[in-house]
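# Understanding the architecture of this molecule
If you want the building blocks of each chain, they are given just below.
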Amino acid sequence: MNLIQHYVGGELISGSSNRKGKVFNPALGEQKSEVILANKLDLDKTVSIAKKAFELWSIKPSLQRARVMFKFKELIEKNSKELTELIVSEHGKVYEDAKGSLTRGLEVVEFACGIPQILKGEFSENVGTDVDSWSMRQPLGVVAGITPFNFPAMVPMWMFPIAIACGNTFILKPSEKDPSCSIKLAQLLKQAGLPDGVFNVVNGDKESVDAILENKDIKAVSFVGSTPIAKYIYENAAKNEKRVQALGGAKNHLVVMPDCDIDGAVNGLMGAAYGSAGERCMAQSVAVAVGGIGDELVSRLSKKVEALNVGPGMDKNSEMGPLVTKEHLEKVKGYVDLGVKEGANLIVDGRNIKLQGYENGFFIGGCLFDNVKKDMRIYKEEIFGPVLSVIRVKTFEEATKLINEHEYGNGVSIYTRDGDAGRTFSSKIQVGMVGINVPIPVPMAFHSFGGWKRSLFGDSAMHGIEGVRFYTKLKTITSRWPSGIRSNPEFVMPTMK
Ligand code: NAD
């Protein structure tokens, strides 16, 4: 059995824990590896190594740190096939989708290549007579990232390229369900010239997460995962005096206005609801049909959902792969059962799909519900599978109110030809990332990614300038070089005269 270790101080190590987790190939439904689950001692030792590495890394000129990022970018491109195959083999998503997610991570590395320009401070000459003032941003120290299963490359890459380029050292605790990609990224960073101890991967579960939260030498925690755990991370990291950004779950709505390009809306919904088998925090899992467009929308969607090509991620014809684990498959099927019980109309039922040669794989076909109501659990809760709910409302105002009252506020879209509706929507909607005739409005690396309400706890979104601010602290210096005359003591607040 393949054993997945930790990557600490520039080498693979096993640590002192004897607990292990199982990593599956979801298409085959077979265990492919074991992953070591770290204990507190392993985590604390890693922090000491990262703390030592910070001493030299943090004082390296930012241009030298940027050069490591340039080299890393090149290595990711060269190794893109291997990285993509690792994602497919442990997560299950289809090859091209996995490759796309790697590219979205790579874009953050490209952003980090410009760190000398981004870290330039501000300077004011003569804030008082012969007094100058400037501000600069300095790294925090050892910082940690805790990431979910659904983007094993992209989500860690939202965090560590910027953290490292800013001069911090980093400990990544990836999802124990698909950890191999993180190890490969660590090896590529070393190949790119990153000094040992600057980037470390500690595999584990709750025990290692709690050790991260408790370790006083970790100065900031970035988390992406489900809302209950995001809240737990937010509260406990803050209690232990750390900076924290904790991104949580989602229930994203795509509003279909009666005047929209219906083909565009249907195709947008297909990709956004069923791509990556719905295991995306930006998946559109609710279609809000406004006015009389519901019948046509459901009729067009149902044909396409029935025709979805479900299969293993490495098969070029597959449009949708399996779910990540058997437990997750059971959970998603349970939600479909629940929706039927709650009285929604199950228009397409993907629960009983069987694939020849992949009988044990964690597959479910696309599911489509119509006439979903706002008090149903299938509407209120995140399902995180290929299940699209259509909810019908009479007006634009009703659609907006529905979305604003939902506990989550990650992403949202509207399909319309009416500029006024689009503009009002983007202004009034209580959601962090908004698409207008764009199905999955994921911001580019040089903007920042983050939801509102219970989709994000903390003050900063990820990557872009928000990422740079999160991973640095501000210092402002006021200086005077008096020539000759020394002033007398002053006991009043200095002000400009
Ligand atoms: P999860 O919350 O179960 O796990 C996320 C991380 O937390 C993992 O590293 C895991 O080991 C750790 N963890 C799990 N249980 C823990 C516990 N009790 N105590 C401490 N740590 C714990 O999430 P997941 O199932 O891996 O990922 C799916 C979720 O992530 C979905 O809710 C999805 O919406 C969300 N997500 C959000 C975003 C976003 O940007 N908002 C992006 C991707 C995924």
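Thresholds applied
Residues numbered from 1 in each chain as written. Predicted model: local features only at pLDDT ≥ 70, side-chain atom pairs only at ≥ 80, totals over all residues. Heavy atoms only, no water. Helix = DSSP H or I, 4+ residues; strand = E, 2+ residues; numbered from the N terminus. Rg over C-alpha atoms; globule rule 2.2 N^0.38 Å. Buried < 20%, exposed > 50% of the residue type's maximum accessible area, 1.4 Å probe, protein only. Pairing = 2+ DSSP bridges. Axes fitted to C-alpha atoms, helices over the stretch in contact; angles between N-to-C directions. Near = heavy atom within 4 Å. Polar contact = N/O pair within 3.5 Å; in protein donor to acceptor, adjacent residues only side chain to side chain. Areas by Shrake-Rupley, 256 points an atom, 1.4 Å probe, with all protein chains shown as cover. Nonpolar A, V, L, I, M, F, W, Y, C, P; charged D, E, K, R; others polar. Domains from an automatic or database assignment. Contact = heavy atoms within 4.5 Å. Buried area = accessible area lost by both parts, 1.4 Å probe. Right-handed = clockwise from strand over helix to strand, strands pointing away.

### A look at the overall build of the chain
Helix and strand counts for the chain stand at 16 helices and 23 strands. In summary, the chain has a C-alpha radius of gyration of 25 Å against a globular reference of 23 Å for 497 residues, a match within 12%. Here the C-alpha coordinates of the chain stretch approximately 85 × 60 × 40 Å along the principal axes. Buried residues in the chain amount to 57% of all 497 residues.

### Section: the sheet that holds strand β6 (residues 122–128)
Sheet architecture is open: three strands sit in the order β6-β7-β23, paired in antiparallel fashion. The open sheet has two edge strands with one neighbour each: β6 and β23 (472–480). Adjacent strand axes in the sheet meet at a mean angle of 25° when their direction is disregarded. Across nine bridges, strand β7 (residues 131–139) lies against β23 in antiparallel orientation.

### Details of unusual backbone geometry
Even without being a glycine, Glu241 presents a positive backbone phi close to 65°. Checked against the element boundaries, Glu241 lands in the loop between α9 (227–239) and β12 (243–247). For Asn437, which is not glycine, the phi dihedral falls at a positive 55°. Along the chain, the position of Asn437 falls in the loop between β20 (433–436) and β21 (452–453).

### Remarks on the site of the ligand
As a matter of local geometry, the ligand sits amid 26 residues, with Lys173, Glu176, Ser226, Gly248 and Glu382 nearest to it. Between the ligand and Ser226, the relevant distance is 2.6 Å, taken from an oxygen atom to a side-chain nitrogen or oxygen of the residue. In this structure, Glu382 approaches the ligand through a side-chain N or O atom, which is 2.5 Å from an oxygen atom. Taking 840 Å² as the accessible area of the ligand by itself, protein coverage stands at 88%. Secondary-structure elements contributing two or more residues to the shell around the ligand are α8 (206–214) and β11 (218–224). Each residue belonging to the shell around the ligand can be placed in one class, and the counts come to 14 nonpolar, eight polar and four charged. Both domain 1 (2–248 + 455–477) and domain 2 (252–436) contribute no fewer than three residues apiece to the shell around the ligand.

### Let's talk about the domain arrangement of the chain
The domains assigned to the chain are domain 1 (2–248 + 455–477) and domain 2 (252–436). Taken over C-alpha atoms, the centre of domain 1 sits 31 Å from the centre of domain 2. In this assembly, 20 residues from domain 1 lie in contact with 25 residues from domain 2. Together domain 1 and domain 2 conceal approximately 1,900 Å² of surface at their shared face, both sides included; 64% is due to carbon and sulfur atoms. It is Ala27, Val94 and Ser455 in domain 1 that bury the most area against domain 2; as a group they hold 26% of the surface buried on that side.

### Some remarks on the pairing of strand β9 (residues 169–173)
Of all the five residues making up β9, five are buried; the element is thus mostly covered by neighbouring parts of the structure. Here β9 shows no split at all, with Thr169, Ile171 and Lys173 on one side and Phe170 and Leu172 on the other all buried. Pairing between strand β8 (residues 142–146) and β9: five bridges, direction parallel. Bridge pairing in β9 links Gly145 to Leu172. What joins β8 to β9 is helix α6 (residues 154–165), and the crossover it makes is right-handed. Across three bridges, the pairing between β9 and strand β10 (residues 199–201) is parallel. Of the residues in β10, the one forming a bridge with Ile171 is Asn200. With respect to chirality, the unit in which β9 leads through helix α7 (residues 180–191) into the neighbouring parallel β10 is right-handed.

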